[in-house]
Amino acid sequence: MTLEERCIPVKVDLDIVLARVEGRNLAKELGFGTIDQARIATAISELARNVILYAPEGKVTVRAIVSDHGRRGIEVVCEDNGPGIADVELVMQNGYSTSSGLGMGLPGTKRLMDEFELETELGVGTKVTVRKWLK
Amino acid sequence: MTEKTDLEQYQEFVKERLKSLLDVVQSVSAGDFSVRVEIPAEADEFTALSVGLEKMIEDLIEARRVSEERMARLQAAVEEKERLLKTVGELSSPVIQVWEDVLVMPLVGAIDSARATRIMEDLLNGIIKYQAEIVIIDITGVPVVDTSVANHLVQTIKAAALLGARCVVVGISSEVAQSLVNLGVDLSGVVTRSNLQAGVRYAMEMMGLEVVPKKRVSS
Amino acid sequence: MEVPRIPILQIEDYLVASIQTALHDTAATRFRDDLLERIYETKARGLILDLTAVDVVDSFLARLTGDIAAMAGLMGTTVVITGLQPEVAVTLVELGVELKGVTTALNLEKGIAALRRMVGEGKHP
């Protein structure tokens, strides 16, 4: 059984909007309510923006997922080939922001979604995976 | 051919009978109640044991049947309770417009995470529907407010503020007040009043309204 | 590709801008610049930013809005944000974003009423 999956390359700021529109559409198709659709779209926006800000390029993949117990949900994977995150703990703190005053929005993104995973390697890139389940 | 001695014949008879009884015991302990003890027509040393075992198996079957019946009844009761709770949930976060721009939301009963989410949606939708600027949230009927519910309430109030509506929480009992303080919940931005009447008075003040007695016409 | 600029209308002494399209960052920044320039030109006492058609407000847009309010405030203009959708309001609160120094109202009508209360009747001097 193949589940729905969409991949959006992220290179210019317009791609942030494209990624979140795709994400929101998939969320809607899967049956998420308006508030959850907004949460998912916002999370995608935050993650895709980090790619624009900190990496040459990356991509966002949104896919439908099913848990072991048969629960349905959505998974968003955002990966880039940027410099990687040196201090993950610092970045996950509320109120952290870079010199330009813009935070990476990761703590907020984590709050919006049900599951949050971060993999990063200095000099290689970063990959953030978030999931939300249908109630 | 050697004929078996009486002793050997007896040994075989015992082994056979024991084996058949053992087979039954093993089947039953594996959950298979379909096998039955064979009770030979002619009474022998094993008859009493066989009869006793058969009775035991019958009792077990009966006990299992009773247990399954109980489970089914319990299951039905649980489903009924869930149906009722759902109805109560739907009835229990109404939004009432008491005045132009002023809503009251009386909450009754325990609030869990799912209900807190529904309350938030109903409140925000109510603000939009009635174009309200003040919402009085009455929690007189809520016995317990834990950290998670308190946080949900605070977030609801913040979201309402983004829609241009101010909220005032009334009816916080002394137990709830104590537990909120003990839990260290930050309610600093939340306006509270003692009861619904005080809440309505607050709303009137905010709207710049005053209630004055009608002038009596003297004859 | 030239992205259409967001129209900024003037009603009495107030400016009203209604965001209709999904703003990507460059367009959003240019919108802010247009807005501030217009405020400077007209000396408007109030600005209404209508977000009725906006379905996602992430931390960038929230910050931009806060910046607009702060910068406009420095120029003597009061900013009111109207039309935030409930799902956007919830998301903003959960993101933990505070819209500081920004008054919000449910819709355009209430937004103008709020401006009148805060700024006084908007008549040309």
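Residues numbered from 1 in each chain as written. Chains lettered and ligands numbered in written order. Predicted model: local features only at pLDDT ≥ 70, side-chain atom pairs only at ≥ 80, totals over all residues.

## Regarding the domain arrangement of chain B
How big an interface is tends to be stated in terms of accessible area lost as the parts join. According to the domain assignment, chain B consists of domain 1 (6-88) and domain 2 (96-207). Using only C-alpha atoms to locate each centre, domain 1 of chain B and domain 2 of chain B end up separated by 60 Å. (Domains from an automatic or database assignment.)

## As for the interface of chain B and chain C
If you look at the interface, chain B gives 13 residues, while chain C gives eleven residues. Of all the secondary-structure elements, those providing two or more residues to the side of chain B that touches chain C are helix 3 (113-130) and helix 4 (147-162) of chain B. Grouping the amino acids of the side of chain B that touches chain C by side-chain chemistry returns eight nonpolar, four polar and one charged. (Contact = placed C-beta atoms within 7 Å. Helix = DSSP H or I, 4+ residues; strand = E, 2+ residues; numbered from the N terminus. Nonpolar A, V, L, I, M, F, W, Y, C, P; charged D, E, K, R; others polar.)

## Considerations on the interface of chain C and chain A
The partner chain A presents 21 residues to the 17 residues of chain C that form the contact. Those elements giving two or more residues to the side of chain C that touches chain A turn out to be helix 1 (25-42), helix 2 (59-74) and helix 3 (86-95) of chain C. Among the residues making up the side of chain C that touches chain A, the classes are represented as six nonpolar, five polar and six charged.

## Description of the sheet that holds strand 3 (residues 72-80) of chain A
Residues and elements named next belong to chain A. Taken together, five strands build an open sheet; the order of strands is 1-2-3-5-4 and the sheet is antiparallel. Looking at which strands have only one partner, the edges of the open sheet turn out to be strand 1 (5-10) and strand 4 (115-121). Between one strand axis and the next, the sheet turns by 15° as a mean value, whatever way the strands run. Relative to strand 3, strand 2 (residues 58-66) runs antiparallel, the two being bridged by nine bridges. By the bridge assignment for strand 3, Ala64 is matched with Ile74. Across the sheet, helix 1 (residues 13-30) lies against strand 1, strand 2 and strand 3, angled at about 165° from strand 1, the strand it touches most. Contacts from helix 2 (residues 34-54) reach strand 1, strand 2, strand 3 and strand 5 (125-133), with the element oriented near 10° to strand 3. (Pairing = 2+ DSSP bridges. Axes fitted to C-alpha atoms, helices over the stretch in contact; angles between N-to-C directions.)

## Focus: the confidence of the model for chain B
Residue and element names in this part refer to chain B. Confidence in the prediction of chain B, expressed as mean pLDDT, is 88, and 96% of residues score 70 or more. The secondary-structure element of chain B with the lowest mean pLDDT is helix 2 (residues 47-91), recorded at 87, while strand 4 (residues 166-170) shows the highest, at 96. Prediction confidence for the complex, expressed as pTM and ipTM, is 0.76 and 0.87 respectively. (pLDDT = per-residue confidence, 0-100.)

## Things to note about the packing of helix 2 of chain A against helix 3 of chain C
Two measures define how a pair of helices packs: the angle their axes make with one another and the distance between the axes. At a minimum axis distance of 9 Å, the contact between helix 2 of chain A and helix 3 of chain C shows a crossing angle of 50°. In this view, helix 2 of chain A runs oblique relative to helix 3 of chain C, as classed from their interaxial angle. The handedness of the crossing between helix 2 of chain A and helix 3 of chain C is right-handed. Contact with helix 2 of chain A, carried on its side by Thr34, Ile35, Ala38, Arg39 and Thr42 of chain A, involves Glu87, Val88, Val90, Thr91, Glu94 and Leu95 of chain C of helix 3 of chain C and no other residues of that element. Split into classes, the residues belonging to the contact of helix 2 of chain A with helix 3 of chain C amount to five nonpolar, three polar and three charged. (Parallel < 35°, antiparallel > 145°, perpendicular 65-115°, else oblique. Left-handed = near helix turned anticlockwise from the far one by under 90°.)

## Details of unusual backbone geometry
Backbone geometry at Gln131 of chain B places phi at a positive 50°, although glycine is not the residue there. The topology assignment puts Gln131 of chain B in the loop between helix 3 and strand 3 (134-141). Even without being a glycine, Glu12 of chain C presents a positive backbone phi close to 55°. Assignment of secondary structure puts Glu12 of chain C in the loop between strand 1 (8-11) and strand 2 (14-18).

## Side note on the packing of helix 4 of chain B against helix 3 of chain C
Look at helix 4 of chain B against helix 3 of chain C: their axes get within 9 Å of each other, and the N-to-C directions meet at 125°. In terms of orientation, helix 4 of chain B and helix 3 of chain C fall into the oblique class. The two elements helix 4 of chain B and helix 3 of chain C meet at a crossing, and its hand is right-handed. Contact with helix 4 of chain B, carried on its side by Gln155, Lys158, Ala159 and Leu162 of chain B, involves Ala89, Val90, Leu92, Val93 and Glu94 of chain C of helix 3 of chain C and no other residues of that element. When grouped by side-chain class, the residues that make up the contact of helix 4 of chain B with helix 3 of chain C number six nonpolar, one polar and two charged.

## A few points about the nonpolar core
Counting 98 residues, the largest nonpolar core has Ala48 and Val60 of chain A, Val135, Ile136, Ala160 and Leu163 of chain B together with Ala89 of chain C as its most contacted members. At ten residues, helix 2 of chain A tops the list of elements feeding residues into this core. Ignoring sequence-local partners within four residues, the contact set of Leu163 of chain B consists of Leu124, Ile127 and Ile128 of chain B together with Leu84, Pro86, Ala89, Thr104 and Leu106 of chain C. (Core = buried A, V, L, I, M, F, W, Y, C linked by C-beta atoms within 7 Å. Buried ≥ 20, exposed ≤ 12 C-beta atoms within 10 Å, placed from the backbone.)

## Description of the pairing of strand 3 of chain A
Residue and element names in this part refer to chain A. Taking the residues between adjacent antiparallel strands as the criterion, strand 2 and strand 3 are bridged by five residues, where Gly70 takes a positive phi near 85°. In this structure, strand 3 lies alongside strand 5, joined through eight bridges in antiparallel fashion. Across the sheet, Val76 pairs through a bridge with Val130, a residue of strand 5.

## What about the environment of Lys132 of chain A?
Residues and elements named next belong to chain A. Note that Lys132 resides in strand 5. For Lys132, a count of 22 C-beta atoms within 10 Å translates into the label buried. Spatially, the C-alpha atom of Lys132 lies 9.4 Å from that of Ile65, the residues being 67 residues apart in sequence.

## Observations concerning helix 5 (residues 174-183) of chain B
Little of helix 5 of chain B is tucked away, with zero of its ten residues classed as buried. Note on helix 5 of chain B: the residue one or two positions beyond its end, Gly184 of chain B, has a positive phi of about 70°.

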